[in-house]
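# Coordinate analysis (summary)
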Amino acid sequence: QLQLVESGGGLVQPGGSLTLSCTASGLVSDYHIIGWFRQAPGKEREGVSCISTGGAWTKYADSVKGRFTIYRDNAKHTAYLQMNSLKPEDTAVYFCAAAAPNLLSNCMGPSGYAYWGQGTQVTVSS
C-alpha cells in the first residue's frame, strides 16, 4: 500500500505563489508516476500536471502552463507543485495521486491512479 499526504495549501492573494508537497510512504513511490489534480466546488476533478518516475517528463493542463511547475525528489519520496501567478479560478482542493508507469501517456486523467492523498485546500482571494 502506498500512502500519500499533501501539504502546503492555504489562502493566497491573486498573483501570489504556493508550493504544494506530496510525500509518499509505504510502497516505493519512485516507481510510480505522480499526478496533481484539483476539484472546485460543483466541478469535476481535473488534471493539473503529471510527472514521470524519474522526473524527466512532465505535462500540464493548458490553464496552468507557464505558471505551475511539477518536480519530484525521489530521495525524499516527495513530489511538488510550485504554483505562481495564482488566479481566483485556481481555487480548489488539490490532490496528488500515484499510478504505475504505463499510465504515463494518459496521466492527465484521474482514472488509472490507484493511490490518492486526502487533498489540500488552495484558496486564491483578496
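Calculation criteria
- All residue numbers refer to positions counted from 1 along the written sequence of the respective chain.
- Local features in this predicted model are restricted to residues whose pLDDT is 70 or higher, and side-chain atom pairs enter the listing and the counts only when it is 80 or higher, whereas totals over whole chains, interfaces and linings include all residues.
- Note: side-chain values were computed over all heavy atoms of the structure, leaving out hydrogens and water.
- Whether a residue is buried, partly exposed or exposed follows from its accessible area with a 1.4 Å probe, protein chains only, as a fraction of its type maximum: under 20%, in between, or over 50%, in that order.
- Helix and strand labels come from DSSP, where a helix needs a run of H or I of at least four residues and a strand needs a run of E of at least two; each type is numbered from the N terminus.
- Strands qualify as paired when DSSP identifies two bridges or more between them.
- By convention in this document, the label disulfide applies to cysteine sulfur atom pairs within 2.5 Å.

### With respect to the pairing of strand 11 (residues 120-124)
Side-chain alternation along strand 11 places Thr-120, Val-122 and Val-124 on a buried face and Gln-121 and Thr-123 on a face that remains uncovered. Pairing geometry for strand 2 (residues 10-12) and strand 11, over 3 bridges, is parallel. Bridge pairing in strand 11 links Leu-11 to Thr-123. Pairing geometry for strand 9 (residues 92-99) and strand 11, over 3 bridges, is antiparallel. Looking across to strand 11, one finds that Tyr-94 is bridged to Thr-120.

### Quick notes on the state of the cysteines
All chains considered together, the criterion is met by 2 disulfides. Sulfur-sulfur distance for the disulfide between Cys-22 and Cys-96 comes to 2.1 Å. Torsion about the S-S bond of the Cys-22 and Cys-96 cystine: about 70°, corresponding to right-handed handedness. Placement of Cys-22 in strand 3 (residues 18-26) and of Cys-96 in strand 9 is noted, with a sequence separation of 74 residues between them. Residue classification places Cys-22 among the buried positions, given a relative accessible area of 2%. Covalently, Cys-50 is tied to Cys-107 through a disulfide, its sulfur atoms 2.0 Å apart. One end of the pair, Cys-50, is in strand 5 (residues 46-51); the other, Cys-107, is in the loop between strand 9 and strand 10 (115-116), and 57 residues separate them in sequence.

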